[in-house]
Amino acid sequence: MESLRIFCRQRLAAIDADDRRRRRRVVDGGHGVHVTVDGRHALNFCSNDYLGLATDPRLIDAMATAASRTGAGAGASQLVTGHNAEHAALEADLADWLGRERALVFSTGYAANVGTTAALVSKRDHIVADALNHASLIDGARLSGAAKHIYAHGDAMAADRALSNEAVRSGHRLVVTDAVFSMDGDTAPLARLADIAAARDAWLMVDDAHGLGVFGPDGAGRVAEAGLGSDRVPILTGTLGKSVGAAGAFVAGDADVIETILQTARSLIFSTAMPAPVAAAARRGIAIIRDEPARRAHLRALVARFKAQAEAAGLAVAESDSPIQPVIVGDEAAALRLSNALLERGYLVGAIRPPTVAPGTSRLRVTLSAAHTDDDVDGLVAALAESWSAVGLSAHAAPACVSSA
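Here is what the cut-offs are and how they apply
- Residues numbered from 1 in each chain as written.
- Predicted model: local features only at pLDDT ≥ 70, side-chain atom pairs only at ≥ 80, totals over all residues.
- Heavy atoms only, no water.
- Helix = DSSP H or I, 4+ residues; strand = E, 2+ residues; numbered from the N terminus.
- Contact = heavy atoms within 4.5 Å.
- Areas by Shrake-Rupley, 256 points an atom, 1.4 Å probe, with all protein chains shown as cover.
- Lys, Arg positive; Asp, Glu negative; His and termini not counted.
- Charge placed at Lys NZ, Arg CZ, Asp CG, Glu CD.
- Expected span 1.5 Å × (residues − 1).
- Buried < 20%, exposed > 50% of the residue type's maximum accessible area, 1.4 Å probe, protein only.
- Arc of directions from axis to C-beta.
- Pairing = 2+ DSSP bridges.
- Right-handed = clockwise from strand over helix to strand, strands pointing away.
- Polar contact = N/O pair within 3.5 Å; in protein donor to acceptor, adjacent residues only side chain to side chain.
- Patch = residues over 30% accessible without salt bridge, like charges linked within 9 Å, V, L, I, M, F, W, Y side chains within 5 Å.
- Salt bridge = Lys/Arg side-chain N within 4 Å of Asp/Glu carboxyl O.
- pLDDT = per-residue confidence, 0-100.

### Here we look at the overall build of the chain
Okay, so step 1: Counting its secondary structure elements, the chain contains 15 helices and 13 strands.
Okay, so step 2: Its C-alpha atoms give the chain principal-axis dimensions of about 55 × 55 × 55 Å.
Okay, so step 3: Considering only intrachain contacts with a sequence separation of at least 6, the fraction spanning at least 24 residues in the chain is 73%.
Okay, so step 4: Within the structure as shown, the chain displays about 17000 Å² of accessible surface, and the carbon and sulfur contribution to it stands at 53%.
Okay, so step 5: The positive charge centre, built from 40 side chains, and the negative charge centre, built from 46, are 5 Å apart in the chain.

Encoded structure:
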């Protein structure tokens, strides 16, 4: 036992020496754009609640109403007694929204990506993956046992070269990418990857977690925006805890694909099902997204406003049209100082450091929500410019797409 304590103390000391210790902030109350965090009121600019639905009264009512009927927990895995009528209805709503034959709900996005990947490929197969894929996609590839081939971020031709390699021609080939990358906010070349996968007889899996609700017809995501159906993107995953405002995740595709994942995905088979009230809230969130396009229009206007205001203030901004607007700082300690200075001014923006991003690319990950106002965005940019000077940063860092893989 003493050796374990020593190991942990040494590891924590190393984390502290690199300014990489992460601390949880306590939010008292709702997790909207106005939050009380560690006893301090702040405007929240680091949430993935892109459409402002996490505190919407209609989702709260849907969850409460369902809880009075179904109870709080599912009690078992989906393949035992955990699959509720609310789950079945949510899967039907997702399939209709995304233009797929079926959808399958998981408790978390991590479980969806890990379980789906390992259900479809194994050690005799190959995964060709973007260098900046989300950790859940990376870990899914590792756990599957398939041979991994990493291509340069956003480089479709590099993906094609990997697929054309003689060593990658045996077994099945799965091309895996995020649609919108979570730390840089940029978008994968989805149509080109779909063309390449089809030409090379490979399967394309896209995680549209950060595009869902924000882009595309009815907010159906970047994949839908690109006009890519299940014949082009046969494996589509996403989450329900970002734009949808609830929690959980899904995979969507043709019926046989989804049934295979249902029968073989260990992260689904051996996990208690999502609580039915959460499924009810997600259904209401999807309905609102489809019925209220003004939310997306307002969000797009806020993104454009932030970029224009930041550039006018001399702040470097990334090439991103998504609600994710990273401000690259570089040094870990400096990113922390900048985040703390913003909180002193009433703005909550998290400092993102290694290992989430590559060393030397620590940043503030600014995220915008349809619940923000023009004044909120203007105030943030003013506070950011003031804080930049206050913490001793003499020059604005250049944007870079260099998240850690």
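After that view of the structure, there is still more to cover.
### Let's talk about helix α2 (residues 57-70)
Okay, so step 1: Look at α2: 20 Å from first C-alpha to last across 14 residues, which is about the 20 Å you get at 1.5 Å a residue.
Okay, so step 2: When we look at burial in α2, the residues that qualify are L59, A62 and A66. Along the long axis of α2, the arc covered by the buried residues comes to 60 degrees, so they all point the same way. Away from its buried face, by an angle of more than 90 degrees, α2 presents the exposed residues P57 and S68.
Okay, so step 3: Of the surrounding secondary structure, the elements contacted by the buried residues of α2 are α4 (85-98) and α12 (276-291).
Okay, so step 4: A positive backbone phi angle near 85 degrees is found at G71, which sits one or two residues after α2.

### A closer look at the pairing of strand β4 (residues 126-130)
Okay, so step 1: Of all 5 residues that make up β4, 5 are buried, and the element is covered over most of its length.
Okay, so step 2: The side-chain alternation of β4 yields two buried faces, one formed by H126, V128 and D130 and the other by I127 and A129.
Okay, so step 3: Alignment of β4 against strand β5 (residues 147-151), held across 5 bridges, turns out to be parallel. Across the sheet, residue I127 finds its bridge partner in β5, namely K148.
Okay, so step 4: Following the backbone out of β4, through helix α6 (residues 135-144) and into the adjacent parallel β5, one traces a crossover that is right-handed.
Okay, so step 5: Pairing of β4 with strand β6 (residues 173-178), which is carried by 4 bridges, proceeds in the parallel orientation. Bridged to H126 within β6 is R173.

### Describing the side chain of S369
Okay, so step 1: Looking at where S369 falls in the secondary structure, it is placed in the loop between β13 (362-367) and α15 (374-390).
Okay, so step 2: By relative accessible area, which is 5% here, S369 ends up buried.
Okay, so step 3: At 3.1 Å, the side chain of S369 forms a polar contact with the backbone oxygen of D49.
Okay, so step 4: Among the polar contacts made by the side chain of S369, one reaches the main-chain amide nitrogen of A371 at a distance of 3.1 Å.
Okay, so step 5: With sequence-adjacent residues up to four places away left out, S369 is seen in contact with V33, D49, Y50, L51, G52, L299 and L302.

### Side note on helix α14 (residues 332-344)
Okay, so step 1: Along its 13 residues, α14 runs 19 Å from first to last C-alpha, staying within 8% of the 18 Å computed at 1.5 Å per residue.
Okay, so step 2: Considered for burial, the residues of α14 that qualify are E332, A333, A334, A335, L338, S339, A341, L342 and L343.
Okay, so step 3: With a side-chain oxygen lying 3.1 Å from the backbone nitrogen of A333, the N-terminal cap of α14 falls on D331.
Okay, so step 4: Looking one or two residues past α14, G346 carries a phi angle of roughly 95 degrees, positive in sign.

### Observations regarding the sheet that holds strand β2 (residues 40-44)
Okay, so step 1: The strand order across the open sheet built from 3 strands is β1-β2-β11, with neighbouring strands paired in mixed fashion. The two strands at the open ends of the sheet, each matched to only one other strand, are β1 (34-37) and β11 (347-348).
Okay, so step 2: As paired elements, β1 and β2 share 4 bridges and run antiparallel to each other. Looking at the pairing, T36 lines up with H41 of β2.

### What about a nonpolar patch on the surface?
Okay, so step 1: A contiguous nonpolar patch, built from M1, L4 and F7 and spanning about 340 Å² of accessible area, is present on the exposed surface.
Okay, so step 2: Residue position: M1 is located in the segment before α1 (2-17).
Okay, so step 3: Of the residues examined, M1 reaches a relative accessible area of 65% and is grouped as exposed.

### Concerning the confidence of the model for the chain
Okay, so step 1: On average, the chain scores 94 in pLDDT, and the residues at 70 or more come to 97%.
Okay, so step 2: Note that pLDDT drops below 50 for residues 397-405; the model gives that stretch 36 contacts with residues more than four away or on any other chain.

### Remarks on the pattern of salt bridges
Okay, so step 1: By the definition in use, this model includes 26 salt bridges.
Okay, so step 2: Between R283 and D93 there is a salt bridge, with the nearest N and O atoms lying 2.8 Å from each other. Within this pair, whereas R283 is found in helix α12, its partner D93 is found in helix α4, the two being separated by 190 residues in sequence.
Okay, so step 3: Given the relative accessible area of 25%, D93 is considered partly exposed.
Okay, so step 4: It is possible to trace a salt-bridge network through shared partners that takes in D56, R58, E292 and R295.

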